[in-house]
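What follows is the residue order along each chain.
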Amino acid sequence: MFAPLPTPTTEDGSERRIGVEIEFGGLDRDAAAACVRAEFGGSLHDAGALETEIRDTGIGTFRVYLDTALRKYADTPLKKAGLELGSAVIPVEIVTPPLPPAALPTLEKLRARLRARGATGSRDGLFLGFGVHFNPEVPALSGTATVHIVTAYALIEDWLRAVNPINLSRRVLPFTDPYPRGFVDDLAAGWPEMDVDALFGLYARHGNTRNRGLDMLPLFAHLDRARFDRLFPRDTATGGRPTFHYRLPDCRIDEADYRLADEWNRWVLVERVAADRAAMAELAEAWAAHRGALLTVRPDWKDRADAILSRHGLSGEARL
């Protein structure tokens, strides 16, 4: 079951919505689009650039496309050859419209339908870098609430990786870099007063890359495009949206016991940690002590984080 967000509304009182991206192999774009239409209804439309849209579903427009940089190039024999050569490893991606939380269980039905049609996940081959991304709307575009969630994620990221190990096929690809420890230092030191404006600049100082488990660049591009282009000149193609971009390390869509709900509930745990002031205070203090010790290394932190989360009753949801 999909757990509810601890902060279900935005600062204006509207329900927080969630966009979801699912990458997989084993099916072509037409077959994947047919699965979406069978589950949600609507009509199929060729959107060009290797993309199909499923419109008029009642909950918004779904997009299905080949997730490759070749999409942006004109149709040429070279492009066709590249697609043929890469067909075994280029994922098909389904992108949902922003969904209300009550609609998330329908994605489990879609996952089951895709699996039944032959969709494959990242464990089907060594270099299959397929993933699942959740894009929950941030609770606030200013102030501290959104930064508290980023800080909670940073403080328990090593622990999350330990209790839900990354598959080898993702470790060897450039999609799984953890937050730099210096960034976690600054977040912990800035809790609970740091606001979104300060986070914007801090994020830029600690590395210009989207290859993070929690990618904040779409939010920053939404908040201030001119500032974004100045601070992140390598990422000018990034589209802005008022969401977190939670990038799961793999997609196991073809495994019988895999559930999107389990992955979503790990994100909800991050937000629950952020909302627990006592747990956050203990985590931030313990992180500073960990970093100040002479003989600790990064893997040691997961055990300290585990003990803290257990004391506050916050560790169960991730152990799935």
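Residues numbered from 1 in each chain as written. Predicted model: local features only at pLDDT ≥ 70, side-chain atom pairs only at ≥ 80, totals over all residues. Heavy atoms only, no water.

When helices and strands are tallied, the chain shows twelve helices and eight strands. Residues classed as buried in the chain amount to 52% of the 320 residues present. Taking contacts inside the chain between residues at least 6 apart in sequence as the whole, the part at least 24 apart equals 71%. For the chain, the accessible area works out to roughly 13900 Å², and carbon and sulfur atoms hold 54% of it. (Helix = DSSP H or I, 4+ residues; strand = E, 2+ residues; numbered from the N terminus. Buried < 20%, exposed > 50% of the residue type's maximum accessible area, 1.4 Å probe, protein only. Contact = heavy atoms within 4.5 Å. Areas by Shrake-Rupley, 256 points an atom, 1.4 Å probe, with all protein chains shown as cover.)

Among the nonpolar cores identified, the biggest contains 90 residues, and F24, Y179 and M216 are the most heavily contacted of them. The leading source of residues in this core is helix α4 (residues 145-163), at eleven residues. Each residue touching M216, except ones within four places of it in the same chain, is listed here: V150, Y179, L199, Y203 and F244. (Core = buried A, V, L, I, M, F, W, Y, C linked by side-chain atoms within 4.5 Å.)

Ordered by their spatial adjacency, eight strands build an open sheet running β2-β3-β4-β5-β1-β6-β8-β7, and the pairing between neighbours is antiparallel. Looking at the sheet topology across the chains shown, the edges are occupied by β2 (43-48) and β7 (214-215). In terms of strand pairing, strand β1 (residues 18-24) meets strand β5 (residues 92-95) through four bridges, oriented antiparallel. Within β5, the position partnered with F24 by the bridge is V92. Across the sheet, helix α1 (residues 29-40) touches β1, β2, β3 (51-55), β4 (62-66) and β5, and the angle it forms with β4 is around 165 degrees. (Pairing = 2+ DSSP bridges. Axes fitted to C-alpha atoms, helices over the stretch in contact; angles between N-to-C directions.)

The next subject is the pattern of salt bridges. Here the structure, examined in full by the defined rule, presents 15 salt bridges. E21 serves as the salt-bridge partner of R241, at 3.9 Å between the closest nitrogen and oxygen. Of this pair, R241 sits in the loop between α9 (225-231) and β8 (245-247) while E21 sits in strand β1, and the two are 220 residues apart along the sequence. Residue class for R241 comes out partly exposed when judged on its relative accessible area of 26%. As a salt-bridge pair, R55 and E53 come within 2.8 Å of each other at their nearest N and O atoms. The buried category is assigned to E53, whose relative accessible area is 19%. (Salt bridge = Lys/Arg side-chain N within 4 Å of Asp/Glu carboxyl O.)

In this structure, the amide linkage connecting W191 to the following residue, P192, adopts the cis form with an omega of 5 degrees. In this structure, D56 takes a positive phi of about 60 degrees despite not being glycine. Topologically, D56 is positioned in the loop between β3 and β4. Under the relative-accessibility criterion, D56 is labelled exposed at 63%.

In this section: the side chain of E21. On the basis of relative accessible area, E21 is assigned to the buried category, the value being 11%. A polar contact of 2.8 Å, which involves the side chain of E21, links it to the side chain of N135. For E21, the residues in contact, after removing those within four places along its chain, are E93, I94, V95, G131, V132, H133, N135, R241 and H245. (Polar contact = N/O pair within 3.5 Å; in protein donor to acceptor, adjacent residues only side chain to side chain.)

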